[in-house]
Amino acid sequence: MLNRTQSRAAALAYRLGSWQNAHGSLRVRLKNALLELVLRGELVSGDRLPPERALASALDVSRNTVVGAYDLLREDGYLTTRRASGSTIAFPDAGRRVHERRSAAIDSTYDVGNGAGSIDFAVADMALAAPFERYVHQFTPLLNRESYNAYGLNELREAIAAYYTQRGLPTGAENILITSGGQQAISLAISLYVQRGDAVAIQNPTFFVALDAFRMAGARIAAIPQGAREPALREMLVHGATRLVYVIPTHQNPTGCTMPIPERKAFAKVADDLGVAVIEDQVLEELTYDGNVPPPLASFCRGESVVCAGSLSKIFWSGLRVGWVRASAPVVARLARIKTVTDLGSNIVSQSIALGVFRDFDAVRAYRRAELREKLRLTTELLDRLLPDWEYTRPAGGFCLWLKLPVEDVRPFIHAARRFGVNIIAGTSMTIDDSAVDRVRLVFTGPSEAIEEGIHRLARAWDAYKTRGFTAPSTPKDLVV
């Protein structure tokens, strides 16, 4: 008969499941499997882990494997060990890392399963101050709606689900979580999947705000090779023990590149085979100039490894901070719990506007596409005429150009351009390794007259910069700014 210590070890070994089928060294696999139990709420702060020797016996591995896994947990702050007391689970960065075993108040308040007619004494859900109803009279139908709903308005979730289903990716409302913008959608997924020190793979360059979110999470970031074929991508993800991949497959920000269909299929196959989670950033995909939007990367996956992040900020209005996550129902539920820590419920008025946008979505996107086509035409004509030595590849969609300047480092010129009243972003700001030093991102979403004036200012700044002889690789550092 097993003693108490052996029984605890055997029970934990059973809960760990097929952890050895993952990738990486045994100690890393075991550490990640234990962390997964923490994320799922099966291990909570204060839970004692079995002694190393007992767990090693239950798992049929060497004691060194368990010792190494425990050491990694301690390094990340998820384990504390005291003499004669053993090792217990702890939570680092409580303000950043969200644990999913929540209080009864959270569970009752944010569970969409609350029955109709139930009386809620758990949350201070304040009704509108009646004398001031005139401020929101146009939204009167919303006044009796539940104000706190972490999942979002059900009608909006259904509209977004129908949008995905029409695109060949069957989706129900249970697969949608409404967020306060696309960036929150990305950040929530990072919070769910990434622990400090985990390896993630991203395109390089990439959306700089997402890059900042990975850095804040303490991720170890590796670059996905441009146009990587399946074997190279597979080798990279396996070798790096990659936990999560972040990609913008359509009208990539900032390069404007779109992943071809065969590459999407190969990418999806690798993600499925390795069980790697993927964040597919879809915020820009409807900004295609010819109206042809490729199928989502998620539509080529057999499993549920892809979390889609979308938003209306680029297709409709940047001030409408409404985004969403499209994922499996269990992942959506976990993300909703994380969301409640910083956001008790996305703005209902904004969600109502978003619902109207989806009801007229064809007209909205047709307008935006036509507008961007015209602004791209104006921008490229001006660049070709006024700045002919600046190189670019014309994108098929999106809102920016990825420009290559004939200098070794663009940053001194960017400082000089500010003297002429114009601001552009250096390519280094959008890379993980300070590469793309000869690149800038130029956004062309402003009014046409502002675009024209801005490029004229850039041309004057460039002429002054060249006249002073700072295009030679050895001299930009000499510019006084």
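The structure displayed is predicted, hence computed values, not measured ones. (Residues numbered from 1 in each chain as written. Predicted model: local features only at pLDDT ≥ 70, side-chain atom pairs only at ≥ 80, totals over all residues. Heavy atoms only, no water.)

1. Describing the overall build of the protein
This is how the line gets drawn: A run of H or I in DSSP becomes a helix once it reaches four residues, and a run of E becomes a strand once it reaches two; helices and strands are each numbered from the N terminus. For each residue, the accessible area found with a 1.4 Å probe, counting protein chains only, is set against the maximum for its type, and the residue is called buried under 20%, exposed over 50%, and partly exposed in between. The criterion used for residue contact is that any of the two residues' heavy atoms lie within 4.5 Å. Methods summary: accessible areas were calculated by the Shrake-Rupley approach with a probe of 1.4 Å, and residue burial reflects only the protein chains presented.
Each helix and strand counted, the protein has 15 helices and 13 strands in total. Taking all 481 residues of the protein together, the buried fraction comes to 49%. Taking the intrachain contacts of the protein between residues at least 6 apart in sequence as the baseline, contacts between residues at least 24 apart amount to 70%. For the protein, the accessible area works out to roughly 22,600 Å², and carbon and sulfur atoms hold 52% of it.

2. Description of the side chain of K375
Our working rule: Think of a polar contact as two N or O atoms within 3.5 Å of one another; within protein, one of them needs to be a possible hydrogen donor and the other a possible acceptor, and neighboring residues in sequence only count if both atoms come from side chains.
Within the secondary structure layout, K375 lies in helix α13 (residues 361-386). By relative accessible area, K375 is classed as buried at 8%. In terms of polar contacts, K375 uses its side chain to reach the backbone carbonyl oxygen of G446, at 2.9 Å. Aside from chain neighbours lying at most four places away, what touches K375 is F444, T445, G446, P447 and I451.

3. Observations regarding the packing of aromatic side chains
The geometry of two aromatic rings is summed up by the distance between their centres and the angle between their planes. Which entries qualify depends on this criterion: Two rings from Phe, Tyr or Trp (for Trp, the six-membered ring) form a pair when their centres sit within 6.5 Å of each other. Planes less than 30 degrees apart are called stacked, planes more than 60 degrees apart edge-to-face, and all others tilted.
According to the stated counting rule, one finds 12 aromatic pairs in the structure shown. The interplanar angle of 75° and the centroid separation of 5.5 Å between the aromatic rings of Y163 and F361 together place this pair among those described as edge-to-face. Linking Y163 in helix α6 (residues 154-166) with F361 in helix α13, this pair joins segments that are 198 residues apart in sequence. When sorted by exposure, Y163 lands in the same class as F361, which is buried.

4. Some thoughts on the packing of helix α14 (residues 411-418) against helix α15 (residues 448-467)
Put simply, the rule reads: For helices, the fitted axis covers only the stretch in contact; all axes are lines through C-alpha atoms, and the angles between them, taken along N-to-C directions, range from 0 to 180 degrees. Under this scheme an angle from 65 to 115 degrees is roughly perpendicular, one under 35 degrees roughly parallel, and one over 145 degrees roughly antiparallel; angles in between are oblique. Whether a crossing is left-handed or right-handed is set by the direction in which the near helix is turned from the far one by less than a right angle, anticlockwise for left-handed and clockwise for right-handed.
Their axes nearest at 9 Å, the elements α14 and α15 cross at an angle of 120°. Here α14 lies oblique to α15, going by the angle between them. The way α14 lies across α15 gives a crossing that is right-handed. Contacts between α14 and α15 involve P412, F413, A416 and A417 from the former and L458, A461, W462 and Y465 from the latter.

5. Things to note about the sheet that holds strand β5 (residues 199-203)
What counts here: For two strands to be treated as a pair, DSSP must find at least two bridges joining them.
If you trace the 7 strands from one edge of the open sheet to the other, you get β4-β10-β9-β8-β7-β5-β6, paired in mixed fashion. Edge positions in the sheet fall to β4 (176-179) and β6 (220-224), since each of these pairs with one other strand and no more. Ignoring which end each strand starts from, the neighbouring axes of this sheet average 20° apart. Relative to β6, β5 runs parallel, the two sharing 5 bridges. In the sheet register, V200 faces β6, and the bridge partner there is I221. With respect to the sheet, helix α11 (residues 329-339) is in contact with β4, β9 (306-311) and β10 (323-326), its orientation differing from that of β4 by roughly 25°.

6. Remarks on empty space enclosed by the protein
Where empty space is left becomes clear once a probe the size of a water molecule has been rolled over the atoms. For clarity, the threshold we go by: Grid spacing is 1 Å over the protein atoms alone, the probe is 1.4 Å, and a cavity is where that probe fits but cannot get out, while a pocket is an open set with protein on both sides within 12 Å along at least five of seven lines and lining residues have an atom within 4 Å of a point. Grid points are joined across faces, edges and corners, and a volume is the space filled by probe spheres set on the points. Each residue receives one of three labels: charged for Asp, Glu, Lys and Arg, nonpolar for Ala, Val, Leu, Ile, Met, Phe, Trp, Tyr, Cys and Pro, and polar for the others, Gly being one of them.
Here the structure, examined in full by the defined rule, presents 2 cavities of 30 Å³ or more. In this structure, the largest cavity spans a volume of roughly 100 Å³. Every residue lining the largest cavity is counted, 13 residues in all, and those nearest its centre are Y163, Q282, E286, S311 and W324. Mapped onto the lining of the largest cavity, the elements with two or more residues apiece are α6 and β9. Broken down by class, the residue content of the lining of the largest cavity amounts to 8 nonpolar, 3 polar and 2 charged.

7. Description of helix α8 (residues 208-216)
Quick reminder of the rule: This arc is taken over the directions from the axis of the helix to the C-beta atoms.
Those residues of α8 that sit buried are A210, L211, A213 and F214. Angular distribution of buried residues about the axis of α8 spans 155°; they occupy a single face of the element. If you follow the buried residues of α8, they end up packed against α7 (182-193), β5, β6, β7 (242-247) and β8 (277-281). Just downstream of α8 lies G218, where phi reads positive at about 80°.

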